[in-house]
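# Structural description and commentary
Now for the letters of each chain:
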Amino acid sequence: MKYALIIPDGCADEAQPSLSGQTPLQAATTPNMDAIAATGIVGQSDNVPPSLPSGSDVATMNLFGYDALKYHTGRAPLEAAAQGIVLGPHDWAVRCNLVTIQDGNMVSFTAEQIPNALGAHLIGLMQNACGDDQWEFHTGVSYRNLLIYRGHGEAPPFDASTATYPPHDLTDGPVAGHLPSGTGAETLQQFMRQSEQLFADDEQNRARAAAGQLPASSVWLWGQGSRPQLEPFQERYGKSAAVITAVDLLRGIGRLLDWRIVDVPGATGYLDTDYAAKGRAAIETLEEVDFVVVHVEASDEASHEGDVAAKIEALEQIDRHIVGPVHEYLKSTGDYRILVSPDHPTFLRTKTHAHGFVPFTIAGTNVAQGEAQTYDEVTAAASGRQYAAGWNLMADFLEGTF
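Residues numbered from 1 in each chain as written. Predicted model: local features only at pLDDT ≥ 70, side-chain atom pairs only at ≥ 80, totals over all residues. Heavy atoms only, no water.

### Looking at the sheet that holds strand S10 (residues 291-296)
Here we have eight strands laid out as an open sheet, ordered S9-S8-S10-S1-S11-S14-S2-S15, and mixed in their pairing. In the strand order of this sheet, the two ends are held by strand S9 (260-262) and strand S15 (386-387), each with one partner. Pairing of strand S2 (residues 41-45) with strand S14 (residues 358-364), which is carried by five bridges, proceeds in the antiparallel orientation. Its bridge partner being in S14, Val-42 is matched across the sheet by Thr-361. Contacts from helix H10 (residues 248-256) reach strand S8 (241-244), S9 and S10, with the element oriented near 155 degrees to S9. (Pairing = 2+ DSSP bridges. Helix = DSSP H or I, 4+ residues; strand = E, 2+ residues; numbered from the N terminus. Contact = heavy atoms within 4.5 Å. Axes fitted to C-alpha atoms, helices over the stretch in contact; angles between N-to-C directions.)

Listed below in structure tokens is the structure:
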């Protein structure tokens, strides 16, 4: 049996006045997702418990079949795993965004998708100015970087009271009242203040501003946590697996689950990603493993930018170049199942992630045909099929009878 999970990140949304009351999923032309719904089932799952933040770290962990209330420790340690950074028992990881704050407002949580070379340069400045044998600044991709605390046998400076805020939740809004708080917060705030002067004085960053692009004004520290203890996927579910993604936290979860990490040239984690290359890579990978996950960040990025047209375009590209070809391949292999589901909702109205149910659709072997003809939030809600604890869906997808 072959299995595929395709994740159009953050695609679940609200009815849009600009779309005559339709959601982007309803408005998009997605014949391949609709075909899965028409030949299989639709339903809803809630992948983000109310007590946890509505991010992809929590939501994908549940979607992959692991109860985030039990296993989730924070977002940054997952990204550390993706980079091959090993955390000891007293070590912590902290996400380190390069952001643009102007007049006290979060203008861009990505510093306008800052180029890799400039991002690496600025993180190097932080390491030179602030790094030591306990604090390490690690370059990632573009605005996504990490700060690592090495405990060296000592108790960490953070605990459960340490509170930080995702910068994408502050888009276009004030940062006042959202700085780190609780245990260890003053150290994080100090790093953030130091970065302001370093970046303001840097010639390369100033040249970016002079060229009419947003410079990085500071680092933003958030998503802290220690290493999670996840049971390997093959031990838990008996399936070999691989993940295709351009996002570090998904790679990190994959590494912690002992999945194969498939790198795809042209996969960017943004709206310009090579959708067709991801579809081809999924088919090639399915020849070697039981289960492949294809994650696409573009639909989520469109919501963060409040761009309804870009979100629809991303969904149509995912449908045409990933869902369609992968489903056709699976049908040629014999027994199979395919699942399409976002991790969490991301609303165009608020430009941020949200809690709540997301729609899923499943087709394949031993999946009885339901009544739905389309895949969207409305048909999923009308199905009456719900997983209030979303992590239970994976076991049913792999082994259940629908």
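### What about the environment of Phe-402?
Position of Phe-402 among the secondary structure elements: in the segment after helix H15 (393-399). Linking Phe-402 and Gln-369, residues 33 residues apart in sequence, is a C-alpha distance of 8.8 Å. When residues no more than four places from it in sequence are discounted, the contact partners of Phe-402 are Ile-41, Arg-337, Ile-362, Asn-366, Val-367, Ala-368, Arg-385, Tyr-387, Asp-396 and Phe-397.

### Comments concerning helix H2 (residues 31-39)
Restricting attention to buried positions, one finds in H2 the residues Met-33, Asp-34, Ile-36, Ala-37 and Ala-38. The inward-facing, buried residues of H2 abut helix H1 (24-27), S2, helix H13 (308-333), strand S11 (336-340) and S14. (Buried < 20%, exposed > 50% of the residue type's maximum accessible area, 1.4 Å probe, protein only.)

### Comments concerning unusual backbone geometry
Positive phi is not limited to glycine here, since Ala-111 has a value of about 50 degrees. Looking at where Ala-111 falls in the secondary structure, it is placed in the loop between strand S4 (105-108) and helix H6 (116-130). Residues other than glycine seldom take positive phi values, yet Asn-366 does so here, at roughly 60 degrees. Along the chain, Asn-366 turns up in the loop between S14 and helix H14 (377-382). Accessibility expressed as a relative area gives 54% for Asn-366, which makes it exposed.

### Description of the layout of surface pockets
Estimates place the volume of the largest pocket at around 430 Å³. Lining the largest pocket are 22 residues; nearest its centre among them are Pro-53, His-72, Gly-74, Gly-223 and Gln-224. The element best represented in the lining of the largest pocket is strand S7 (residues 218-225), accounting for three residues. Of the residues in the lining of the largest pocket, the class split is seven nonpolar, eleven polar and four charged. Here the second largest pocket is characterised by a volume of approximately 220 Å³. Lining the second largest pocket are 14 residues; nearest its centre among them are Val-107, Ser-108, Phe-109, Thr-110 and Glu-305. Looking at the lining of the second largest pocket, the elements that each hand over two or more residues are S4 and helix H12 (298-304). A breakdown of the residues in the lining of the second largest pocket according to their chemical character gives four nonpolar, five polar and five charged. (1 Å grid on protein atoms, 1.4 Å probe; cavity = no way out; pocket = protein on both sides within 12 Å on 5 of 7 lines; lining within 4 Å. Points joined across faces, edges and corners; volume = space filled by probe spheres on them. Nonpolar A, V, L, I, M, F, W, Y, C, P; charged D, E, K, R; others polar.)

### Digging into empty space enclosed by the protein
Enumeration according to the criterion identifies one cavity of 30 Å³ or more in this entry. Taken as a whole, the largest cavity encloses approximately 160 Å³ of empty space. Counting residues per element, the ones that place at least two in the lining of the largest cavity are strand S3 (92-102) and H12. Considering each element in turn, the lining of the largest cavity owes the most residues, three residues, to H12. For the lining of the largest cavity, the residue count by class is five nonpolar, six polar and seven charged.

### What about the packing of aromatic side chains?
Following the criterion strictly, the structure yields 16 aromatic pairs and no others. Ring centres 5.5 Å apart and planes at 25 degrees place the aromatic pair Phe-233 and Phe-291 in the stacked group. Here Phe-291 lies in strand S10 and Phe-233 lies in helix H9 (residues 233-237), a separation of 58 residues in the sequence. Taking relative accessible area as the criterion, Phe-233 reaches 0% and is therefore assigned buried. For Phe-291, a relative accessible area of 0% translates into the label buried. Aromatic pair Trp-259 and Phe-291: ring centres 6.2 Å apart, planes at 85 degrees, arrangement edge-to-face. On the criterion of sequence distance, the pair formed by Trp-259 in the loop between H10 and S9 and Phe-291 in strand S10 is long-range, its members being 32 residues apart. Residues Trp-259 and Phe-291 agree in their burial class; the two are buried. Connected via pairs of aromatic rings, a cluster forms that spans Tyr-3, Phe-64, Tyr-66, Tyr-71, Phe-233, Tyr-237, Trp-259, Phe-291 and Phe-397. The positively charged end of Arg-236 is found above the aromatic ring belonging to Tyr-66, 4.6 Å away from the centroid. (Phe/Tyr/Trp six-rings, centres within 6.5 Å; stacked < 30°, edge-to-face > 60°. Lys NZ or Arg CZ within 6 Å of the ring centre and 35° of its normal.)

### A few points about the side chain of Asp-248
Considering the arrangement of structural elements, one finds Asp-248 in helix H10. Relative accessible area serves as the criterion here: at 9%, Asp-248 is assigned to the buried category. In terms of polar contacts, Asp-248 uses its side chain to reach the side chain of Arg-251, at 2.9 Å. Sequence-distant contacts of Asp-248, that is, excluding residues within four places in its chain, are made with Leu-78, Glu-79, Ala-82 and Gln-83. (Polar contact = N/O pair within 3.5 Å; in protein donor to acceptor, adjacent residues only side chain to side chain.)

### Observations regarding the state of the cysteines
A complete count under the given rule lists zero disulfides for this structure. Its sulfur unpaired, Cys-96 is 9.7 Å from the next cysteine sulfur, which belongs to Cys-130. (Disulfide = S-S within 2.5 Å.)

### Quick notes on the pattern of salt bridges
Under the defined criterion, the tally for this structure stands at 15 salt bridges. With a closest N to O distance of 2.9 Å, Arg-150 and Asp-91 form a salt bridge. With Arg-150 in the loop between strand S6 (144-149) and helix H7 (185-201) and Asp-91 in the loop between helix H5 (76-82) and S3, the pair connects residues that are 59 residues apart, well separated along the chain. Asp-91 carries the same exposure label as Arg-150, and that label is buried. A single salt-bridge network, built from bridges that share partners, covers Arg-75, Glu-79 and Arg-95. (Salt bridge = Lys/Arg side-chain N within 4 Å of Asp/Glu carboxyl O.)

So yeah, pure geometry; function would need other evidence.
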